[in-house]
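Structural characterization, general
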Amino acid sequence: MPPKPPRRAGSARTQRPSPDGGSAPPAAPRVEVGEADFVVLCDALKVSESVREKAWKTYESLSAADGALACNTKKKETWGVCIFIVAIDLDEVTFTFTELLKSIKMSVCTFFQFLKEVDVNMDTVSTKVDSTVSRLKKKYDVLFALYHKFERTCGLIYLEQPSSEISAELSSVLVLKNYWITFLLAKGKVLQVEDDLVISFQLLLCVLDYFIKLSPPAMLKEPYKSSVPAVTVNGAARTPRRGQSRSSRTAKQLDTDTKIIEILCKEHDCNLDEVKNVYFTSFIPFLNSAGIVASNGLPDVEVILKQYEELYLKNKDIDARLFLNHDETLQPAVIACSQLERTPLKNNADEEINIILPQTPVRAAMNNIQQLIMILNSAADKPSDTLIKYFNNCTVNPKDSILKRVESFEHIFKKKFAEAVGQGWAEIGSQRYKLGVRLYYRVMESMLKSEEERLSVQNFSKLLNDNIFHTSLLACAVEVVMATYGRNASQSDSTGAETDLSFPWILNVFDLKAFDFYKVIESFIRAEPNLTREMIKHLEHCEHRIMESLAWQSGSPLFDLIKQSKEREGQADQPEPTSTPNTPFQHNHTAADLYLSPVKSPKKKASGPPLSATSPPDVPPAVTPQTPQKPQKSTSLSLFYKKVYLLAYRRLHTLFLHLLSDHPDLEPLIWTLFQHTLQNEYELMRDRHLDQIMMCSMYGICKVKNVDLRFKMIVSAYKELCNTNQETFKRVLIREEQYDSIIVFYNLVFMQKLKTNILQYASSRPPTLSPIPHIPRSPYQFSNSPRRVPAGNNIYISPLKSPYKFSDGFQSPTKMTPRSRILVSIGESFGTSEKFQKINQMLCNSEGQLKRSADVGAAAPKPLKRLRFDIEGTDEADGSKHLPQESKFQQKLAEMTSTRTRMQKQKLNDGNDTSATEDK
């Protein structure tokens, strides 16, 4: 008979032992705290006396706070939030997260949003609670994305109404339940990193493969029906003969039959070798350890349910079984219509409305992975012949040290990956590292070719024998691979929430300083033109993380560089004369400039080995890449400060517009104090964050200028900005190993250090204002808006967007917006003639509208919203003629191709002069 439905989360509460493992002691007489309904809620969640008392006090403080309307109108919800916060802070969680949501009748998304609303004074939610909430969010995002992918996939595999041969016990509903709970159990037991979307999806494919093979063919659709093993042919499973258990026979077939997994991988653009690896190294051992036995065609659901119940109660988080019932606690927030991918043009009344929703997280992740693999298919696991030539041209051949380094880091990476994800996933880590090695050699070759063209030399002995350069380049290549695989399931955040394998995890693996890693990022992006937009944004995000905090950690070489620069210049208040904010910024430095930039004073020996310590002493300087700066100055420090100033001013300007737009005269004052602190009081940045100095600078200037701006208002606006973390203002270093809020830091540290300087802004002789940084166009960003083709044609071009279907070839668009589905992408197959007919019809209609408007007389016709092709036979730009028998579309296609070629040549000739580009 069918198994019983999953028990509700609260059903096991009465039998659950106390947190310390023993039986719960009898409740002692107590004085009730709070209102009667609050007491009932506490009893339902079995919270301790200490949690009750502190939760009620927290509720009272929230209710009394200014702007606490939400707390007073939603009492029960606020009580639940207070109990959640206090239980986590006191490490006395006696309930699961789902039990809490059920008790206060809230969904996951609503709860998280309400938690932000009740934290009025920014001091209710601790960083410990923030960390717990972040973990729950990531887990929910991954589970939600996987369940909906799972539901759609099952609809493509199983018949909705199978033939009457199939018994009720093998209905598609039961199969769905078996599938999902088995996957949840496998995910919880096999994966240590539960928020890894790609590995979780690969594990889900393994579960699908396993159950498809156990399903009667009569339940399946093609191509799965004809691919299932013979053991399940003709309906339900036959009784095993000669005492051989069905599970043992099935296990043997699972080990050898890969038809189903091949079909699944092809359908979902998933790497077959990786999924096979997951299947045999993790999924099969899980089945054996869990004791899952296939009887009557499917494993016993009661066994799976019992094991998952234990896992769920142990983790005290989300009961993912409720996805099967579409439970209201797991429903997402309603997506606003503005978030849907739409065409900017209006549809005609007689045109079919066909709104294309954004890609699912799983599809987007698979597409990014496939694009990376397609790029690296032509790359090798070892240095190419071109690289070998560069190695041979060196005074000291670096080949052996490079190969040895790559091999050494493979063992380290494999070990660290297994420690983070699970011991059964070591080979997956090895596969990802090898992809990174391919990218490492590919980018290295591209860098050396660029340096050869720039310097007209071929001996790069000093650079290629630099250990830190190679370690940084290899780490960056592996980070690109890890970030491609580590795409988060959340679509609300463009950068994606961090996972346990997110940057800066890679720095710990390679034992690399963040400042050294930063030096290679820009050159890496320039050397690999096929990086996806997501990866370019990710590397830019890594660069920002380094500039805002990671490079300022104790032990960073940055502080030694600043100190040496001060000694060299003989000035105590100038870290680098060339790093003034108003110096025009040019993105023309290379990795060679930065890694070979001097790091010691020419008069003194450095305290540690220089970056080029591995280069031989007899390397001729004439054949070594040199920076255009004076030899005694550090190019890497100068460039770093320029980038920090740009990032600092951008963030200050954004926060300023949120808070002080009515006081424009204050921005240059705040920036002057901010820049002065970074340049002259740089020790304040040690083990702290750039934004902490920014907020203190803003508060200090407003204080002396008698502008009413409280820290509460500053942090309220700050936490709404992109890529911010509440820990930035809740946990600031005060002194060694002592942390407190941003207010305490301002009073005890910032103000004490800069009091004299701050008070000068209130005097009649304020400090000289720092110039506003010259802000160039970022070398990492691309315009999202269509650009008009020059020469007067009414033609616009824009980047080709995802989604792609890689099984049909590299970057072949499959889904487009309602309007773009009839456009032609240059370089792609044109397809059927129907597309041409639609385009020609559009042109004719546009021409007709133009003529009619001209006949009316007086006023000149307004520009058409549709794309309109010019109809003259001569292109205005190059004077090329067209044959009279050519169609208008063919003529315009030739013009577009010609124009595109000219634009590409012009872009190459323009070079990297950003300031000139902005003047145009």
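For the structure, see preceding data.
What you are looking at is a predicted structure, and each value in this text was computed from that prediction instead of being measured. (Residues numbered from 1 in each chain as written. Predicted model: local features only at pLDDT ≥ 70, side-chain atom pairs only at ≥ 80, totals over all residues. Heavy atoms only, no water.)

With 14 residues, helix α21 (residues 514–527) extends 20 Å from end C-alpha to end C-alpha; this agrees with the ideal 20 Å at 1.5 Å per step. Along α21, the largest kink reaches about 30° and is centred on Ile 521. When you tally the buried positions in α21, you get 13 out of 14 residues, the bulk of the element. (Helix = DSSP H or I, 4+ residues; strand = E, 2+ residues; numbered from the N terminus. Expected span 1.5 Å × (residues − 1). Bend = angle between axes of the 7 residues up to and from the residue. Buried < 20%, exposed > 50% of the residue type's maximum accessible area, 1.4 Å probe, protein only.)

Grouped together as the largest cluster of nonpolar side chains are 234 residues, with contacts concentrated most on Ile 83, Phe 111, Tyr 179, Ile 212, Phe 417, Phe 510 and Phe 524. Residue contributions to this core peak at 14 residues, all from helix α9 (residues 197–214). Once you skip the residues sitting within four places of it in the chain, Phe 111 turns out to touch Val 81, Phe 84, Phe 97, Leu 100, Leu 101, Ile 104 and Met 106. (Core = buried A, V, L, I, M, F, W, Y, C linked by side-chain atoms within 4.5 Å. Contact = heavy atoms within 4.5 Å.)

For residues besides glycine, phi is generally negative; the peptide bonds are generally trans as well. A cis geometry characterises the amide bond from Glu 222 onward to Pro 223, with omega recorded as 5°. By the secondary structure assignment, Pro 223 is in the loop between α9 and α10 (246–256). The backbone phi angle of Lys 105 is positive, close to 55°, even though this residue is not glycine. Note on placement: Lys 105 falls in the loop between α5 (97–104) and α6 (108–118). When its relative accessible area of 69% is taken as the criterion, Lys 105 is described as exposed. A positive phi angle is found at Asn 706, which is not glycine, with a value near 60°. Locating Asn 706 in the fold gives a position in the loop between α27 (690–704) and α28 (711–718). Take Asn 706: its relative accessible area is 73%, and that puts it in the exposed class.

The tally for this structure, following the rule as stated, stands at 51 aromatic pairs. With a centroid separation of 5.2 Å and 75° between ring planes, the pair formed by Phe 515 and Phe 640 is classed as edge-to-face. Note that Phe 515 is positioned in helix α21 and Phe 640 in helix α25 (residues 635–659), a separation of 125 residues in sequence. Judged by relative accessible area, which is 1%, Phe 515 ranks as buried. A relative accessible area of 0% means that Phe 640 is categorised as buried. Looking at Arg 731, its charged tip hangs above the ring of Tyr 739, at a distance of 3.8 Å from the centre. (Phe/Tyr/Trp six-rings, centres within 6.5 Å; stacked < 30°, edge-to-face > 60°. Lys NZ or Arg CZ within 6 Å of the ring centre and 35° of its normal.)

Here we take up the packing of helix α14 (residues 361–376) against helix α19 (residues 467–485). Remark: α14 packs on α19, axes separated minimally by 8 Å, with the N-to-C direction vectors making an angle of 150°. Put simply, α14 runs roughly antiparallel to α19. Residues Asn 368, Ile 369, Leu 372 and Ile 373 of α14 touch α19, and the partners they reach there are Val 481, Thr 484 and Tyr 485. (Axes fitted to C-alpha atoms, helices over the stretch in contact; angles between N-to-C directions. Parallel < 35°, antiparallel > 145°, perpendicular 65-115°, else oblique.)

Here the focus is the side chain of His 689. Looking at the secondary structure, you find His 689 in the loop between α26 (666–680) and α27. Its relative accessible area of 11% is what places His 689 among the buried residues. Non-local contacts of His 689, meaning those with residues more than four positions away in its chain, are made with Glu 548, Ser 549, Arg 651, Tyr 718 and Thr 728.

Remember, this is a structural readout, not a statement about activity or role.
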